[in-house]
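Fold and geometry: a report
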Protein chains: 2
Amino acid sequence: VTLPRIGVFDSGVGGLTVLKALAERQPAHYFYFGDTARLPYGTKSAETVARYAIGATRFLESRNIDLLVIACNTATALALPQIEAAASVPVVGVVEPGAAMASEVSQARRAIVIATEATVASHAYRDALARHGVQAFEKACPLFVPLVEEGWTEHAVTEQVAQIYLGEAIRQSSNLGEAATQNGDEADVMVLACTHYPLIAPLLRRIAPAQMKIVDSAESTARVVKAMMESVSREAAGEYEDLAPSKSSDHRSFRFFVTDSVEKFKKLATRFLGRQVDNVEHVDLGG
Amino acid sequence: VTLPRIGVFDSGVGGLTVLKALAERQPAHYFYFGDTARLPYGTKSAETVARYAIGATRFLESRNIDLLVIACNTATALALPQIEAAASVPVVGVVEPGAAMASEVSQARRAIVIATEATVASHAYRDALARHGVQAFEKACPLFVPLVEEGWTEHAVTEQVAQIYLGEAIRQSSNLGEAATQNGDEADVMVLACTHYPLIAPLLRRIAPAQMKIVDSAESTARVVKAMMESVSREAAGEYEDLAPSKSSDHRSFRFFVTDSVEKFKKLATRFLGRQVDNVEHVDLGG
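As a starting point, this report considers the structure included with it. (Residues numbered from 1 in each chain as written. Chains lettered and ligands numbered in written order. Predicted model: local features only at pLDDT ≥ 70, side-chain atom pairs only at ≥ 80, totals over all residues. Heavy atoms only, no water.)

1. Some words on the nonpolar core
Counting residues in each nonpolar core, the largest one holds 155 residues, and the members touching the most others are Leu-16, Phe-144 and Phe-256 of chain A together with Leu-16, Phe-144 and Phe-256 of chain B. Discounting residues that sit within four places of it in the chain, Phe-144 of chain B has contacts with Ile-114, Val-161, Ala-162, Tyr-165, Tyr-197, Ile-200 and Leu-204 of chain B. (Core = buried A, V, L, I, M, F, W, Y, C linked by side-chain atoms within 4.5 Å. Buried < 20%, exposed > 50% of the residue type's maximum accessible area, 1.4 Å probe, protein only. Contact = heavy atoms within 4.5 Å.)

2. Side note on the relation of the copies chain A and chain B
What relates the two chain copies is a rotation about an axis together with a slide along it. Rotating chain A by 180° and translating it 0.0 Å along the rotation axis places it on chain B, where the RMSD comes to 0.0 Å. The relationship between the two copies is best expressed as a two-fold rotation axis. Looking at the interface residues of chain A, 100% of them are also at the interface in chain B, so both copies use one shared face. (Least-squares fit on C-alpha atoms with pLDDT ≥ 70 in both.)

3. Details of the environment of Ala-21 of chain A
All names here are of chain A. Its location among the elements puts Ala-21 in helix H1 (residues 16-25). As a C-alpha pair, Ala-21 and Ser-217 span 196 residues in sequence and 9.9 Å in three-dimensional space. Not counting residues within four places of it along the chain, the set of residues in contact with Ala-21 comprises Ala-218, Glu-219 and Ala-222. (Helix = DSSP H or I, 4+ residues; strand = E, 2+ residues; numbered from the N terminus.)

4. Quick word on the pattern of salt bridges
Two side chains with opposite charge may pair up if their charged atoms get near one another. Throughout the structure, instances matching the rule amount to 24 salt bridges over all chains. Glu-263 of chain A is the salt-bridge partner of Lys-266 of chain A, the closest N and O atoms lying 3.7 Å from each other. In this pair, Lys-266 of chain A and Glu-263 of chain A are both assigned in helix H11 (residues 262-273), 3 residues apart and thus about one turn of the helix distant. As a salt-bridge pair, Asp-127 of chain B and Arg-126 of chain B come within 3.3 Å of each other at their nearest N and O atoms. By relative accessible area, Asp-127 of chain B is classed as partly exposed at 34%. Where salt bridges share partners, they join Glu-154, Glu-159 and Arg-206 of chain A into one cluster. (Salt bridge = Lys/Arg side-chain N within 4 Å of Asp/Glu carboxyl O.)

5. Brief notes about the interface of chain A and chain B
If you look at the interface, chain A gives 24 residues, while chain B gives 24 residues. Between chain A and chain B, roughly 1900 Å² of surface is buried when both sides are summed, and carbon and sulfur atoms account for 58% of that area. Between chain A and chain B we count 2 salt bridges in total. Lys-264 of chain A is the salt-bridge partner of Glu-117 of chain B, the closest N and O atoms lying 3.9 Å from each other. At the boundary of chain A and chain B, one finds 2 residue pairs in polar contact (both at pLDDT 80 or more). Of all elements in the fold, only helix H7 (144-149) and helix H8 (156-181) of chain A reach the threshold of two or more residues within the side of chain A that touches chain B. (Buried area = accessible area lost by both parts, 1.4 Å probe. Polar contact = N/O pair within 3.5 Å; in protein donor to acceptor, adjacent residues only side chain to side chain.)

6. Regarding helix H6 (residues 124-131) of chain B
All names here are of chain B. What H6 keeps buried is the set Ala-124, Tyr-125, Ala-128 and Leu-129. Relative to the axis of H6, the buried residues are bounded by an arc of 120° and lie together on one face. Facing away from the buried surface of H6 by more than 90 degrees, the exposed residues are Ala-130 and Arg-131. Positive backbone phi, approximately 75°, marks Gly-133, located one or two places after H6. (Arc of directions from axis to C-beta.)

7. Considering unusual backbone geometry
Residue and element names in this part refer to chain B. Unlike most non-glycine residues, Arg-109 shows phi in positive territory, near 60°. Along the chain, Arg-109 turns up in the loop between helix H4 (95-105) and strand S5 (110-115). A relative accessible area of 28% places Arg-109 in the partly exposed class. Phi at His-123 is positive, roughly 55°, even though this residue is not glycine. Looking at the secondary structure, you find His-123 in the loop between helix H5 (117-122) and H6.

8. Overview of the packing of aromatic side chains
All told, the structure shown has 26 aromatic pairs over all chains when counted by the stated rule. Ring geometry for Phe-256 of chain A against Phe-265 of chain A: centres 6.0 Å apart, planes inclined by 50°, an arrangement best described as tilted. Residue Phe-256 of chain A is classed as buried on the basis of its relative accessible area of 2%. The buried category is assigned to Phe-265 of chain A, whose relative accessible area is 2%. Look at Phe-9 of chain B and Tyr-41 of chain B: their rings are 6.2 Å apart centre to centre, the planes differ by 50°, and that puts the pair in the tilted class. (Phe/Tyr/Trp six-rings, centres within 6.5 Å; stacked < 30°, edge-to-face > 60°.)

9. Details of helix H2 (residues 46-61) of chain B
Residue and element names in this part refer to chain B. Between its first and last C-alpha atoms H2 spans 22 Å; for 16 residues at 1.5 Å apiece the expected length is 22 Å, and the two agree. Along H2, the residues classified as buried are Thr-48, Val-49, Ala-50, Tyr-52, Ala-53, Ala-56, Thr-57, Phe-59, Leu-60 and Glu-61. Residues of H2 that are buried in the fold lie against strand S1 (5-10), strand S2 (28-34), strand S3 (67-70), helix H3 (73-86) and strand S9 (252-258). (Expected span 1.5 Å × (residues − 1).)

10. A word on the packing of H1 of chain A against H11 of chain A
The description of two helices packed together rests on the angle between their axes and the distance between the axes. Residue and element names in this part refer to chain A. At a minimum axis separation of 9 Å, H1 and H11 run at an interaxial angle of 45°. Overall, the two elements H1 and H11 adopt an arrangement that is oblique. Crossing of H1 against H11: the hand is right-handed. Contacts between H1 and H11 involve Leu-16, Thr-17, Leu-19 and Lys-20 on the former and, on the latter, Phe-265, Ala-269, Phe-272 and Leu-273. Considered class by class, the residues forming the contact of H1 with H11 number 6 nonpolar, 1 polar and 1 charged. (Axes fitted to C-alpha atoms, helices over the stretch in contact; angles between N-to-C directions. Parallel < 35°, antiparallel > 145°, perpendicular 65-115°, else oblique. Left-handed = near helix turned anticlockwise from the far one by under 90°. Nonpolar A, V, L, I, M, F, W, Y, C, P; charged D, E, K, R; others polar.)

Here is the structure:
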């Protein structure tokens, strides 16, 4: 029996929350690619993002991965079909798993989606939630990423910013909800549609109304990958090692590849993963 | 007589504070180039930044400019010599003018420099200030740019963040100053070494100690350009229109060129310049 080999791709460090959620559920050899020299993807055209993502896909496939996780909201929103067409392995993005889980837990069929400006502008979550019959209210929270990268995940400033953003999102969803349907039901689920946000999930939990469920697209994606691997494992009948949850580090290995500074990545990655990160290699994909 | 033609280059909108300071002093036709599709420059290698900056230089020179202002701390810090070598017109960066003005006003010969992480890491201001005999204490303030771009220039959150950053910078400069010289003199000047920071200058003024002078590298750069144009004008004896300060908008024209979304630039530019910005054109320099 062998462990599956899973590639995880993001423009930077945010996808590490997806990697962390994956590693907690799924024994595997993990290959993480952070395209840190070319971030942020959010301001770039769909063509450029697709080109970069396909470069990352080729690189990770050269590591003989069995499955590719696009742990980046922008790349998923703008280029998932192109990546799937270019890849020779199954591809999982972060948008659909988050939308599916929000639909699963929402009684009101209304969700607040908090994300970066680029993800909101793409309306990828609104469209995915609509396919599940859930109305979405999207709110851009551009200060959350720099606050997380500053390490202020439990800071009074972050709490104040979160109160402002969540207050605006809830007011907006109530107003739009009433206008659209003459029905006062409020959103009962909030989707963390940015891979940085799980680091402030405890803070958001304290601020959000008690009845509002919080769906983390990193967790949702890990759940989907786990299910896929179990199905592959059943088909392959023993090709992969027993996939029952295991906390043994023997059943997980990690390699990290970045296109910019290894040192900066190590520092942030240690914070994101909650464990020391050392085996980071620099790669140059050009462009 | 004709008006001078001045090119102003930045990776995004920050250089608009330099453009604003220039336009208040210097009648001219202004051509602003914001490389918004390829920002931020701060995470990129010196080679890449030089290549991008030289592309912008060629573009602005095709508009027959007489002078080029590099209104970008990263491009100045990493690539000014390469830009000067590639340009056929005089080039002014933002670092040296800011350092010169700080030296002019500092009695203590100690300055606090607040900037982005990339500018701090380059130590461009520390080196420039050292050439003027001023010891620099550099402090990265990574939340200021997103706070300014969010429009929170007079917000309680920004005030709280500024109190934290400035408190750390002042403590650090006192400690290092004592260790280095056994002399308790504190820094008496603070350099705003990021082109976004002039928008929070009033807030910083309220928080900084009363005796600390604030030097804005946008203002300093505009002063240098004004002096250069006066000297050119004297040499050219009337080639340019009378350059005495004038508030008449007849003596200034503006054209804006950006490599990413025109709409997003218009919105931010209107805030930065304090006037409606409409004539923005999209250009594609490739890469």
